[in-house]
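Tertiary structure, described
The lines below spell out each chain.
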Amino acid sequence: MEHASQIQSLFLKYMQGTASAAEQAELAELVDQYSNAELEEVLEPLAASYTADPNFNISEWEKEIQNILNDKQAPVRTIWFRSSRTIKRLAIAASIILVIGTGLWLMLRKESGLPTPNPGLVAHDVEPPKNTRATITLADGRVINLDSVNAGTVAKESNVAVTKTTDGKIVYNDSRLNTPNLRLIYNTLTNPRGSKVIDITLSDGSHVWLNAGSSITYPVTFSGNERKVQMTGEAYFEISASPNPSKGGALRSFIVEKRDMQVEVLGTHFNVNAYDDEPNIKVTLLEGKVNVIAGGAKKTIIPGEQAVVASGSRPDSYQVRTLNSIDPDEVLAWKNNKFKFNSADIKTIGRQLEKWYDVEFVYESEVPDHFTGIISRDVTASDVFKMLKNTGTMNVRIEGKKVFVSR
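This next bit is on the overall build of the protein chain. If you tally the helices and strands in the protein chain, you get eight helices and 24 strands. Expressed as a percentage of its 407 residues, the buried residues of the protein chain come to 51%. In the protein chain, 60% of the contacts between residues at least 6 apart in sequence involve partners at least 24 apart. Accessible surface, the protein chain as shown: approximately 17,900 Å² in total, 47% of it carbon and sulfur.

All right, on to the pattern of salt bridges then. In total, this model carries 16 salt bridges according to the counting rule given. Between Arg259 and Asp276 there is a salt bridge, and its shortest N-O distance comes to 3.1 Å. Highlighted residues: Arg259 in the loop between β12 (253–258) and β13 (261–265) and Asp276 in the loop between β14 (269–274) and β15 (280–287), separated in sequence by 17 residues. Of the charged contacts in the structure, one is a salt bridge between Arg351 and Glu278, with a shortest N-O distance of 3.0 Å. You can see Arg351 sitting in helix α7 (residues 346–357) and its partner Glu278 sitting in the loop between β14 and β15, a full 73 residues away along the chain. Classification of Arg351 by relative accessible area gives buried; the value is 18%. Where salt bridges share partners, they join Arg133, Arg193 and Asp358 into one cluster.

A complete count under the given rule lists nine aromatic pairs for this structure. Relative to Phe254, the ring of Phe222 lies with its centre 6.2 Å away and its plane at 55 degrees, an arrangement referred to as tilted. Here Phe222 is found in the loop between β10 (214–219) and β11 (226–238), whereas its partner Phe254 is found in strand β12, with 32 residues between them in sequence. Like Phe254, Phe222 is buried. The positively charged end of Lys355 is found above the aromatic ring belonging to Tyr275, 4.3 Å away from the centroid. Note that Arg397 overlies the ring of Phe404, its terminal NZ or CZ placed 4.3 Å from the centroid.

What follows concerns the pairing of strand β7 (residues 186–191). By the bridge criterion, three bridges tie strand β2 (residues 135–137) to β7 in an arrangement that is antiparallel. Note on β7: the bridge partner recorded for Thr135 is Thr190. Bridging between β7 and β10 involves six bridges; their strand directions are antiparallel. Bridge pairing in β10 places Leu189 opposite Ile216.

Its volume calculated, the largest pocket comes out at about 720 Å³. With eight residues, the single largest contributor to the lining of the largest pocket is strand β20 (residues 338–345). Of the residues in the lining of the largest pocket, the class split is 12 nonpolar, 11 polar and 11 charged. Here the second largest pocket is characterised by a volume of approximately 200 Å³. Of the residues contributing to the lining of the second largest pocket, the split by class is three nonpolar, three polar and seven charged.

Take α7 next. Under the 1.5 Å per step criterion, the end-to-end length of α7 is 16 Å for 12 residues, consistent within 8% with the ideal 16 Å. Considered for burial, the residues of α7 that qualify are Ile346, Ile349, Gly350, Arg351, Leu353, Glu354, Lys355, Trp356 and Tyr357. At the N-terminal boundary of α7, the capping side chain belongs to Asp345, with an oxygen 3.0 Å from the backbone nitrogen of Lys347.

It is worth spelling out the nonpolar core at this point. Side chains of nonpolar character tend, in soluble globular proteins, to be buried together. If you look at the biggest cluster of nonpolar residues, it comprises 45 residues, and the most contacted ones within it are Leu189, Phe237, Phe270, Val272 and Val283. Tallying contributions element by element places β11 first for this core, with four residues. If sequence neighbours within four positions are ignored, Phe237 has contacts with His207, Val208, Ile216, Val229, Met231, Phe254, Val256, Thr268, His269, Phe270 and Val272. Judged by nonpolar contacts, the second largest core, of 25 residues, contains Ala344, Phe371, Leu388 and Ile398.

Reading guide: rules and limits
Residues numbered from 1 in each chain as written. Predicted model: local features only at pLDDT ≥ 70, side-chain atom pairs only at ≥ 80, totals over all residues. Heavy atoms only, no water. Helix = DSSP H or I, 4+ residues; strand = E, 2+ residues; numbered from the N terminus. Buried < 20%, exposed > 50% of the residue type's maximum accessible area, 1.4 Å probe, protein only. Contact = heavy atoms within 4.5 Å. Areas by Shrake-Rupley, 256 points an atom, 1.4 Å probe, with all protein chains shown as cover. Salt bridge = Lys/Arg side-chain N within 4 Å of Asp/Glu carboxyl O. Phe/Tyr/Trp six-rings, centres within 6.5 Å; stacked < 30°, edge-to-face > 60°. Lys NZ or Arg CZ within 6 Å of the ring centre and 35° of its normal. Pairing = 2+ DSSP bridges. 1 Å grid on protein atoms, 1.4 Å probe; cavity = no way out; pocket = protein on both sides within 12 Å on 5 of 7 lines; lining within 4 Å. Points joined across faces, edges and corners; volume = space filled by probe spheres on them. Nonpolar A, V, L, I, M, F, W, Y, C, P; charged D, E, K, R; others polar. Expected span 1.5 Å × (residues − 1). Polar contact = N/O pair within 3.5 Å; in protein donor to acceptor, adjacent residues only side chain to side chain. Core = buried A, V, L, I, M, F, W, Y, C linked by side-chain atoms within 4.5 Å.

By themselves, these figures tell us nothing about what the structure is for.
Below, the structure is given as structure tokens:
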């Protein structure tokens, strides 16, 4: 087995509570590549050699691993989830669950002595989005509900055909080269809360993915020396360097605006998180180079960096700082149909869950813990909360569209 020693080393670090978030994610990805039998062969020897504490019941640990490895009916498609309490030190009476068989892995550990929440607190469940509820608002004010129209041409704007593909993508087909002095008309793609991610190809060939609770306003066709769009929420961009790559048009800058903040690029891949309920705007660069401009401040970031724009009381009080230790997988988890958290507080997690499940969080008491984990976005809300509750740090109940969280 190619990665046996790597899996053993990472797993032992996890057991000792010393694995970093990146190492935990690496372990989860490696486990996903092998069968139960292969993983059993690799993990079982660790139990025999595990000596972190003389009171640790190795035989029970081995038995639990064997039982769960043989369980092919994993009810929750989750990789791992644990709270900051379990990260601090190895629990003497650790509860370890490995769920392998659906291509995903759950690993939970609860510190000895912590209270176990009542498992029956979910009165009503909330399903994940099954389709997109996105709409396009045309220049004349007409609104197209994308779920209710068939594949093919759904509208024509300024001689540009707006089409929906068989797999639900939106494409603006502009056969013209960059034509100067065109009157710009705008469309708005809105993807509400409780809707699946939708992607759109703009008339210049640029590709944009839009998260739930987001919108983007853009020209139907681009003209002049720059290409400019406005957005709110979260979007991932793959910008075409040419206004029409198949026609060999000239290079022009592409600008993404969110109020007084601009991201200026030529051709690149980047993510913008600019929800109104988030404390900061975050621009994360995956490929190329971008300028982030806000309140007179300008930062150039390179791949692997993130610009964080903090807003003050006035537009000219924006502050831009750069982070270079970011996890691209965490940033793009939403695009890859996952939730991923690295030591996130419950309110940060709650804001993401609110948009995906279209619910409202009500905090009945403070939950000071931080959580690390990866969860499929295809599971129900109760599946997510079972993972949180099993960390032993909180209680959760769902009543209609409200989610009550307490210590």
